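Notes for the structure review
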Amino acid sequence: MEKYDVAIIGGGSAGLAALKRLSTLGKQAVLFEAGEKIGSKNISGGILYSKKPKNGKTHNVEDIYENFLTDRPYERKITKYVLHATSKDKIFSIDLTAAHEYEANFGCSVLMSKLNQWFLQQAQETAEKQGGGVVSGVHVKDIRWEEGQTIVQTNELEEVAAKAIIAADGVNSEIAYMTGARQKFSPNQLYQGVKVVVKLPEEIMNERFSIGEDEGAAHLFAGDVTMDHIGGGFLYTNRDTLSVGAVYHLDSLLETPVEPYELVNTLLRNPMISDLIRDEVPVRGEIDKNLAKEEQMRIRFAVTKIIKTWTEMREAYYSKGERERLVREGKYSAPEEMEAQLSSIRDQMSTKYGMKFETDYVEAEYSAKLVPDGKRCRMEKPYFKNILFAGDAAGRGIFVGPRIEGLNVGIDDAVRAADAVARALDKNNFDENYLGQYYSQSVEESPYTHDLKSIDKDYLKIFLDAAKDVPKDIINSKYGMVVKMMSSKTLRNFAVGFANILGYEKILPIIETVETYVRVPTELAERLGKSVSSSYTPTIPSIAQRVAKLKFNDDSVSHIKVLKPTSEFMKKMTVLCPTRCYLMEKNGVMIQHEGCVECGTCAEETEWSHPRGEKGINYQFG
Amino acid sequence: MDPVNVAVIVKMEPDFSEGNVSYNPDGTLNRAETKNILGPHSAIAVNAAFYAKIKHGAKISICTMGPPVAESMLQHSQLMSDADELYLYSDRIFAGADTLATAEVLKSGILKMQGKMDIVFSGHRASDGETGQTGPQTAWKLGMTFLGNVIDYEIDPESRTIRVKRLVRLQGIYDVVEEVEAPLPVFIAIDPSYKPKFNTVSQRLAYEKYQKEARQRSQDFKQYLKVLNAAQIEADPKLIGISGSPTIVYKVERIPKGKATRQAEIIDGSDQEQIRRIVAKMRQSLSTMVIK
């Protein structure tokens, strides 16, 4: 049997950070990733932060990867952060940029496929020097302890032995279930996030959002668009795409089920968002059915080709970097030449092929993921024997009002796990008391854990300052009191102190309610908001079309088994599964197709595992 | 133990995928507008050679006969296999070659490569010509043992032998797997269903390592590329190009389309009602069918 010092399970941003850190410390580690390639199963909203807390230290992305700020594998630095309260056709906006910048070096929008590929590049190089590396398309199915060895069993490769394991296998951590390190998260501990990636050429985006080349905007939405659920919507600017998504508490969705994609569609239909995502879209003309079959096919192929050429060229033309690159490489003599060619292609499209250009939006990818609500579900002891859990696998996501952080928490955890493992390797001691407890304590000292346990009154003040224009009488008596109290410094300190003594968990049900997420914002928008309208109605693809567009590597073996086909929970899954995998049949709920994006929404009452290596969903953006 | 030496013969072919291919109004291929790529069957052969590199650190040489533009396809092959040497046999007198004359050029080129080849790989056939002759003919000219339809192989570098699995048709039964052992050197035409398997973590790590090296090498591929003409590979002028091609293409005819005898009904939509209709139709047709 082959032996390695450390096995890391899961090639997301946490797993990769662990690999990078361990190899930098001169340790040998092998990372197992089930996806066909690194990043193919990762999804984030998402914004990645780098923090500078008042107390304690976080391990930031640029500390682990020294080229992060020069290579810029992220999309854009977010420089505008705005919360919008929505009603049917009105919007009231509150600028929260100060809250976004609070204790932060920066926060940048990211797409996981690209970002994790870059992390891989950086980590792999150092890992190889230590005799380790990354194997993708390999799914870990079991871990067992035998004669002093920890043996990792996969579906694809021969078994290997490892001295310690870092489990970074995400919110639906199979390692956690199979070892019994923790239970599956329950719906009240989870959010369900659904996102679409929308294409928009770079410079058109700059102009529309009034942002510079390395600036970005984040917009959050509450109120009417929530369809009466606890949570909200978001829109982030990437380099030449937008991430538009909806994140809702799973128990709130279970209470009044609504199709997750409808929540995204409601956002897309909101006039303000419709207008932000609009673009010029070519529409195919009718092909004369009287022509010979071959001729019809020839035209169809030619149209596909010209649309592709036009789209690619337009994307390049509206990107400063790409324009300069193409001129530098001698493809065009000057940007004007590109412009001329672009308009000549456009002419050809309309005259030769009878195509029209309409205002609409271009959706590139639909995705879904569960997000752990760290306040409610973080593992207090994130270890089991010689396995350490990091990031989503340990249930560590931060959701505090408009503050949403997960990636940076995972990276911080991973570094702490790597340090603990390196220390254990040095002493050749992998005892729970030596390895696990040390890690657990290190995680407990993390500023992020602090944020998961108590309210930060300085953060609260920034938030309240931003909302100071909101008339107090708008908030009904229950909250009016709280707001009034929070506006005074002494009272605020007292109240926050009191709340923290009482315990975060106890006050959460008061803060996270339909009242705060839906009614108050809707009323705000109605009374104070500006009217918004859109010049067009977006053509939103059906869920079948969205699933058809995703790339799957089909598996002949199903990775999900329905356990209780007639349970209330499963009945709700026919609505809540983001890709509509379930259908109500005579004998109960059945899987109707395997277009599963592995979000885990149904995991509570199913036998759920990730598909075998390379199989399943293969995200292009992430 | 001598290192394993492998060569691959590859072909540049038009990219037939939608969005890349262009046809003339008369239905023939518009070559000027269509992109050229590494043929899909050649790509499988390149993959098979890469397997020898990962398992035994084999040295890989990839060659093709074609116009100067074919060098970008060789670059792509190098990206796939971390090839150590690339050869492009390019000469105006190669023009008009049929499979036999092409095999002559490839044979002459392979004989000129550094060191003796242990294995030469070729694809199953080309996706434009579809003859499947160039591989066997090159093997014959090289005087090598020919193994066709290979779906799996293992080299024993010590005894200098190879064990291969071939997907063959035997006494009218399709998909019979035949296992053959042969002394090296051999010529392998790889089957389209070939898929390399790596069973251990160390092999997978080697795979990643060579892939990374391949990315670096292929960025600088010209350093590994030799462009050779007929004189340089010492090919017999009588046996190459149009004069070495006994094939005469007399006429190309369209395959006439048979009249449709089926009566298709298009059921549009994916809602429950439409799916029920499809299932009902399937039931109906199956009920009249006798399954033996």
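Anything mentioned here points back to the structure above.
One numbering rule holds for all chains: residues counted from 1, following each sequence as written. Labels follow written order: the first chain is A, the first ligand is 1, and so on. For this predicted model, a pLDDT threshold of at least 70 governs which residues receive local features, and a threshold of 80 or more governs which side-chain atom pairs are given and counted, while totals over whole chains, interfaces and linings are taken from all residues. Excluding hydrogens and water, the side-chain figures rest on all heavy atoms present in the structure.

1. Quick word on a nonpolar patch on the surface
What counts is decided by this rule: Distance thresholds for patches are 9 Å for like charges and 5 Å for nonpolar side chains (Val, Leu, Ile, Met, Phe, Trp, Tyr), applied to residues having over 30% relative accessible area and no salt bridge. We get accessible surface area from the Shrake-Rupley algorithm with a probe of 1.4 Å; when it comes to residues, only the shown protein chains can shield them. Salt bridges, as used here, are contacts in which a Lys or Arg side-chain nitrogen is within 4 Å of a carboxyl oxygen on Asp or Glu. Numbering of helices and strands runs from the N terminus, with a helix taken as a DSSP run of H or I at least four residues long and a strand as a DSSP run of E at least two residues long.
The grouping of Ile275, Ile278, Val279, Met282 and Leu286 of chain B at the surface amounts to a nonpolar patch, some 420 Å² of accessible area in total. Mapped onto the secondary structure, Ile275 of chain B falls in helix H6 (residues 272-287).

2. Quick word on the sheet that holds strand E9 (residues 173-183) of chain B
All names here are of chain B. We apply this condition: By this definition, two strands are paired if DSSP reports at least two bridges between them. A fitted line through C-alpha atoms serves as each axis, taken over the contacting stretch for helices, and the angle formed by two N-to-C directions is quoted from 0 to 180°. Only heavy atoms matter for contacts: two residues are in contact if any of them lie within 4.5 Å across the pair.
If you trace the nine strands from one edge of the open sheet to the other, you get E9-E8-E7-E10-E6-E1-E4-E5-E11, paired in mixed fashion. If you trace the sheet from one side to the other, it starts and ends with E9 and strand E11 (225-228), each paired once. Ignoring strand direction, the axes of neighbouring strands in this sheet form an average angle of 30°. Pairing geometry for strand E7 (residues 145-156) and strand E8 (residues 161-170), over six bridges, is antiparallel. The partner of Ile155 across the bridge, within E8, is Ile162. The sheet strands contacting helix H1 (residues 40-56) are strand E1 (5-9), strand E4 (59-65), strand E6 (119-122), E7 and strand E10 (186-190), and the helix crosses E7 at an angle near 25°. Here helix H3 (residues 99-112) sits on the sheet in contact with E1, E4, strand E5 (85-89) and E6, set at roughly 145° to E4.

3. Some points on the state of the cysteines
Residue and element names in this part refer to chain A. Condition: When the sulfur atoms of two cysteines come within 2.5 Å, that pair is taken as a disulfide. We call a residue buried when its accessible area falls under 20% of the maximum for its residue type, exposed when it is over 50%, and partly exposed in between, using a 1.4 Å probe and counting protein chains only.
The full count for this structure, using the stated rule, is zero disulfides over all chains. Between Cys596, a free cysteine, and Cys581, which holds the nearest cysteine sulfur, the sulfur-to-sulfur gap is 5.1 Å. With relative accessibility at 9%, the residue Cys596 sits in the buried group. Here Cys602 is not disulfide-linked; the sulfur of Cys577 is the nearest cysteine sulfur, at 6.4 Å.

4. Overview of the side chain of Asn265 of chain A
Residues and elements named next belong to chain A. Basically, it comes down to this: Polar contacts here mean pairs of N or O atoms no more than 3.5 Å apart (in protein, one a potential hydrogen donor and the other a potential acceptor; neighbouring residues in sequence count only if both atoms are side-chain atoms).
Position of Asn265 among the secondary structure elements: in helix H9 (residues 260-269). Given the relative accessible area of 4%, Asn265 is considered buried. A polar contact is formed between the side chain of Asn265 and the side chain of Arg546, at a distance of 3.0 Å. With residues up to four places along the chain from it excluded, the contact list for Asn265 reads Ile540 and Arg546.

5. A few points about the interface of chain A and chain B
As a reminder, the rule being used: The term buried area refers to how much accessible surface (probe radius 1.4 Å) is lost by two components on association, counted for both of them together. Put simply, Ala, Val, Leu, Ile, Met, Phe, Trp, Tyr, Cys and Pro go in the nonpolar bin, Asp, Glu, Lys and Arg in the charged bin, and everything else, Gly too, in the polar bin.
Each side of the interface is counted separately: chain A has 29 residues, and chain B has 23 residues. Regarding the contact of chain A and chain B, the summed buried area is about 2,200 Å², with carbon and sulfur atoms giving 49% of it. Looking only at chain A, the three residues that lose the most surface to chain B are Arg298, Phe301 and Lys305 of chain A, adding up to 25% of its buried area. Here chain A is connected to chain B by one salt bridge. If you list the elements that add at least two residues to the side of chain A that touches chain B, you get strand E1 (2-9), strand E2 (29-33), helix H5 (112-129), strand E7 (133-136) and helix H11 (293-317) of chain A. Counting residues per element, the side of chain A that touches chain B draws most heavily on H11 of chain A, at nine residues. Looking at the side of chain A that touches chain B residue by residue, the classes come out as twelve nonpolar, six polar and eleven charged.

6. A closer look at the environment of Tyr89 of chain B
Residue and element names in this part refer to chain B. Take Tyr89: it is sitting in strand E5. With a relative accessible area of 0%, Tyr89 lands in the buried category. Taking the C-alpha atoms as reference, Tyr89 lies 33 Å from Val168; in sequence the two are 79 residues apart. Non-local contacts of Tyr89, meaning those with residues more than four positions away in its chain, are made with Cys63, Thr64, Met65, Gly66, Phe94, Val105, Leu106, Gly109, Ile110, Met113, Leu228 and Ile233.

7. Digging into unusual backbone geometry
Gly45 of chain A connects to Gly46 of chain A through a cis peptide bond whose omega is -15°. Its location among the elements puts Gly46 of chain A in the loop between E2 and strand E3 (47-51). Each neighbour pair has its own omega, and for Leu184 of chain B with Pro185 of chain B the value is 5°, a cis peptide bond. The residue Pro185 of chain B is located in the loop between E9 and E10 in this model. Its identity is not glycine, yet Arg72 of chain A carries a phi of approximately 50°, on the positive side.

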